[in-house]
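# Chain and residue survey
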Amino acid sequence: MSNFIPGQRWVNYAELQLGLGTVLSVELRTVTLVFMATGETRTYSIQTAPLTRVIFAPGDTTRSHEGWSLKIERVDEQDGLLTYVGSSEDPRNTELPEGQLDSHLQLNRPAERLFTGQVDHDRWFELRYQTLQHINRLAHSDLRGLTGGRTALIPHQLYIAHEVANRYAPRVLLADEVGLGKTIEAGMILHQQLLTERARRILIVVPESLLHQWLVEMLRRFNLAFSIFDEARCQGITESSGQENPFHAEQQVLCTLEFLGQHPDRHQQAVAGDWDLLVVDEAHHLQWSPEQASPEYQLIEALAQQTRGVLLLTATPEQLGKESHFARLRLLDPDRFHNFDAFIAEEKSYEPVAAAVEALLDERVLNESDSKHLRTLLDVQEDHLLLDTVQDPDADSRQQTAARTQLVELLLDRHGTGRVLFRNTRSAIKGFPERQLHSYPLPVPDAYANILRDLPDATTTDPLLLLCPELLYQAAPDTAGTHWTQLDPRVDWLTEQLRTLRPHKVLVITASAETAMDLAEWMHSKKG
């Protein structure tokens with residue numbers, strides 16, 4: 001505990017702008033100081049006061065409140081108060097009591113604080129040291145940038161995000177099934193790339209229907225603020241700042257594929273945007289064939305050629321056939337996937353490689369066929385030694401595990417799509433609740449039955465028409481007086497179910513977008 005005496009000069013090292021303070025009074029547990037430089041009076045707890053005694057040493061030069069300076073030659077102390085003795089320009093000014101020191105002195109430079117004894121307590125140094133140590137541990141953590149988001153850390157999402165985010169300029173296809181979290185994986189990758197400064201400029205291109213969903217998800221879950229770019233925004237930036245390329249005005253941009261397609265000049269400006277990372281959602285809509293590529297595909301191809309990192313997202317990588325799948329791989333690595341016919345020929349050899357990799361991952365004994373096939377694929381002597389280690393029954397278990405891991409990595413890198421494609425399916429991911437079907441038979445309205453009966457027999461077997469009789473009803477003549485929502489029993493059934501399940505969230509899926517909009521309008525107008 002420090003001994004405070006009225007008249008002593010102290011400084012608040014937490015608020016150096018207060019200048020020098022003078023002790024006014026000392027109580028049992030508190031001390032009161034006045035800071036003349038600011039006209040403030042402060043009372044502190046003696047045990048925790050952020051105060052340091054101001055003591056100048058011989059050789060220092062200080063200043064009085066009258067403005068004259070004194071070069072200190074010695075320091076005298078009497079009853080706990082200091083008097084500085086030295087020389088000044090005026091021979092009459094050779095002594096300066098500490099009470100007459102200039103209150104506006106600010107000892108905020110390191111050298112000044114050190115030479116005047118303004119040294120923090122060791123506990124503050126220890127706190128700063130431990131803080132820096134903790135920051136250093138976080139910087140070297142494998143999870144840096146992958147945690148902190150408002151999302152649960154599901155293992156398969158965390159694995160993909162960690163695998164992709166730790167690459168420099170990753171170019172991958174995220175192809176998890178619907179509902180497994182491709183958007184979350186992409187957000188974790190973006191967050192990590194930005195935090196580690198591997199990427200600074202990011203462009204996200206999505207269909208128009210997903211624009212605001214991406215904006216909200218990135219901000220709400222990862223605190224990533226993206227700027228939506230459309231024609232009005234680009235014109236506003238050009239008029240206000242005079243920039244020729246409005247895409248240079250923001251670091252994180254979100255726009256629609258339709259916007260780039262409708263404005264070729266904006267697409268060229270986006271291509272010249274010098275992006276570090278390009279993200280494209282619903283990539284299966286980009287159509288390509290060896291003879292011709294769609295305009296949308298050409299737009300993204302031009303961006304991908306000028307961008308170091310590319311993330312393509314799709315839940316259906318082969319929905320439109322192998323050509324469509326090859327087209328997306330071609331966007332990611334045009335040198336590796338340069339010819340569709342060569343890709344098809346190479347794909348035929350993937351099955352035995354996949355069987356061998358599965359055996360290695362399951363730690364099963366390789367059969368003669370798998371072993372022979374692997375030896376034909378391994379063209380380096382060191383790789384053959386790894387296979388020998390795996391098959392050696394006398395080898396150490398740790399050596400075998402390491403050899404299996406290295407062999408799997410070699411096969412992934414050299415055969416198939418390697419580390420370009422990441423896909424998880426619900427059948428492979430554990431923990432999802434099993435879906436259950438509950439059927440509710442309802443009577444067919446007479447109006448629907450009459451329309452279906454009047455259709456040709458070949459047409460009534462069309463599943464789409466049977467699933468959407470409301471569309472047939474609206475298209476039929478003489479039905480303009482009654483809207484389908486007023487006669488369809490499914491509407492009343494849905495209303496009752498929603499009332500029963502309140503306040504739980506309910507996802508309603510329809511076979512037609514028009515049906516979904518009619519239901520939403522009817523619910524809003526009739527039921528609020």
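Each value, and the rule that gives it
- Residues numbered from 1 in each chain as written.
- Predicted model: local features only at pLDDT ≥ 70, side-chain atom pairs only at ≥ 80, totals over all residues.
- Heavy atoms only, no water.
- Helix = DSSP H or I, 4+ residues; strand = E, 2+ residues; numbered from the N terminus.
- Buried < 20%, exposed > 50% of the residue type's maximum accessible area, 1.4 Å probe, protein only.
- Contact = heavy atoms within 4.5 Å.
- Areas by Shrake-Rupley, 256 points an atom, 1.4 Å probe, with all protein chains shown as cover.
- Pairing = 2+ DSSP bridges.
- Axes fitted to C-alpha atoms, helices over the stretch in contact; angles between N-to-C directions.
- Disulfide = S-S within 2.5 Å.
- Phe/Tyr/Trp six-rings, centres within 6.5 Å; stacked < 30°, edge-to-face > 60°.
- Lys NZ or Arg CZ within 6 Å of the ring centre and 35° of its normal.
- Salt bridge = Lys/Arg side-chain N within 4 Å of Asp/Glu carboxyl O.
- Polar contact = N/O pair within 3.5 Å; in protein donor to acceptor, adjacent residues only side chain to side chain.
- Patch = residues over 30% accessible without salt bridge, like charges linked within 9 Å, V, L, I, M, F, W, Y side chains within 5 Å.

The helix and strand inventory of the chain stands at 21 helices and 16 strands. Burial status across the chain gives 40% buried among its 528 residues. Counted over contacts in the chain with a minimum sequence separation of 6, partners at least 24 positions apart contribute 60%. Summing over all exposed atoms, the chain offers an accessible surface of approximately 30900 Å²; the carbon and sulfur share of this is 52%.

Right, let's get into the sheet that holds strand β7 (residues 69–78). Pairing is antiparallel across the open sheet formed by four strands, whose spatial order is β6-β7-β8-β9. Each end of this open sheet is capped by a strand with a single partner; those strands are β6 (61–63) and β9 (95–97). Across the sheet, the mean angle from the axis of one strand to that of its neighbour is 50°, orientation sign disregarded. Summarising the sheet, strand β8 (residues 81–87) and β9 pair through three bridges and their orientation is antiparallel.

We now examine the environment of M523. Along the chain, the position of M523 falls in helix α21 (residues 513–527). Relative accessible area serves as the criterion here: at 16%, M523 is assigned to the buried category.

Moving on to the pairing of β7. Along any regular strand, the residues point their side chains to alternate faces of the sheet. Strand direction decides the pairing type here: β6 and β7, joined by three bridges, are antiparallel. Its bridge partner lying in β7, T61 is registered against K71. Following β6, the chain reverses through five residues before pairing antiparallel with β7; G67 in that reversal takes a positive phi of roughly 105°. Bridge count between β7 and β8: seven bridges; the pairing is antiparallel. Counted as the bridge partner of I72 is G86 from β8.

This part covers the state of the cysteines. Counting across every chain of the model gives zero disulfides. No disulfide involves C234; its sulfur sits 8.3 Å from that of C255, the nearest cysteine. On the basis of relative accessible area, C234 is assigned to the buried category, the value being 0%. Owing to a relative accessible area of 0%, C255 belongs among the buried residues under this scheme.

With that out of the way, let us pick up helix α8 (residues 264–271). Where α8 is concerned, the buried positions are R266, H267, Q269, A270 and V271. On the buried face of α8, the contacting elements are α6 (231–241), α7 (257–262) and α9 (295–305).

Overall, the coordinates contain 11 aromatic pairs when judged by the stated rule. With 5.3 Å between their ring centres and 50° between their planes, W288 and F326 make a pair best called tilted. With W288 in the loop between β14 (277–280) and α9 and F326 in helix α10 (residues 322–332), the pair connects residues that are 38 residues apart, well separated along the chain. Take W288 and F326: they sit in the same class, and that class is buried. When the centroid spacing of 6.0 Å and the interplanar angle of 75° are considered together, the rings of F337 and F343 count as edge-to-face. Exposure class is identical for F337 and F343. Each is buried. Members of the aromatic cluster, each reached through a chain of ring pairs, are W288, F326, F337, F340 and F343. Taking the ring centre of W275 as reference, the NZ or CZ of R201 above it sits at 4.2 Å. One Lys or Arg, R336, reaches over the ring of F337 and ends 4.7 Å from the middle of that ring.

It is worth spelling out the sheet that holds strand β10 (residues 171–174) at this point. Across the sheet, which stays open at both edges, the seven strands sit in the order β12-β13-β11-β14-β15-β10-β16 with parallel pairing between neighbours. With partners counted over all chains shown, the strands left at the sheet margins are β12 (227–228) and β16 (421–422), one partner each. With four bridges joining them, strand β11 (residues 202–206) and β14 adopt parallel strand pairing. Within the sheet, the bridge partner assigned to V205 lies in β14 and is V280. The sheet contacts of α9 involve β10, β11, β14 and β15 (309–313), and relative to β14 the element is tilted by about 155°.

This next bit is on the pattern of salt bridges. Following the criterion strictly, the structure yields 18 salt bridges and no others. Residue R42 pairs with E40 through a salt bridge whose shortest N-O separation is 2.8 Å. Here R42 falls in the partly exposed class, since its relative accessible area comes to 21%. With a closest N to O distance of 2.8 Å, E470 and R490 form a salt bridge. With E470 in helix α19 (residues 469–475) and R490 in helix α20 (residues 489–501), the pair connects residues that are 20 residues apart, well separated along the chain. Under the relative-accessibility criterion, R490 is labelled partly exposed at 34%. When salt bridges with common partners are traced through the structure, they connect E15, E40 and R42 into a single cluster.

Secondary-structure assignment places Q252 in strand β13 (residues 252–256). Sequence-distant contacts of Q252, that is, excluding residues within four places in its chain, are made with L194, I202, L224, A225, F226 and S227. Polar side-chain contacts of Q252 include one of 3.2 Å to the backbone oxygen of A225.

On the surface, a cluster of nonpolar side chains totalling about 280 Å² of accessible area is made up of Y440, L442 and W493. As for its placement among the helices and strands, L442 is situated in the loop between β16 and α16 (446–454).

With that settled, consider unusual backbone geometry. Here R502 and P503 are connected by a cis peptide whose omega angle stands at 15°. Looking at where P503 falls in the secondary structure, it is placed in the loop between α20 and α21. The backbone phi angle of D79 is positive, close to 55°, even though this residue is not glycine. Even without being a glycine, E282 presents a positive backbone phi close to 55°. Within the secondary structure layout, E282 lies in the loop between β14 and α9. The exposure class assigned to E282 is partly exposed, which follows from its relative accessible area of 26%.

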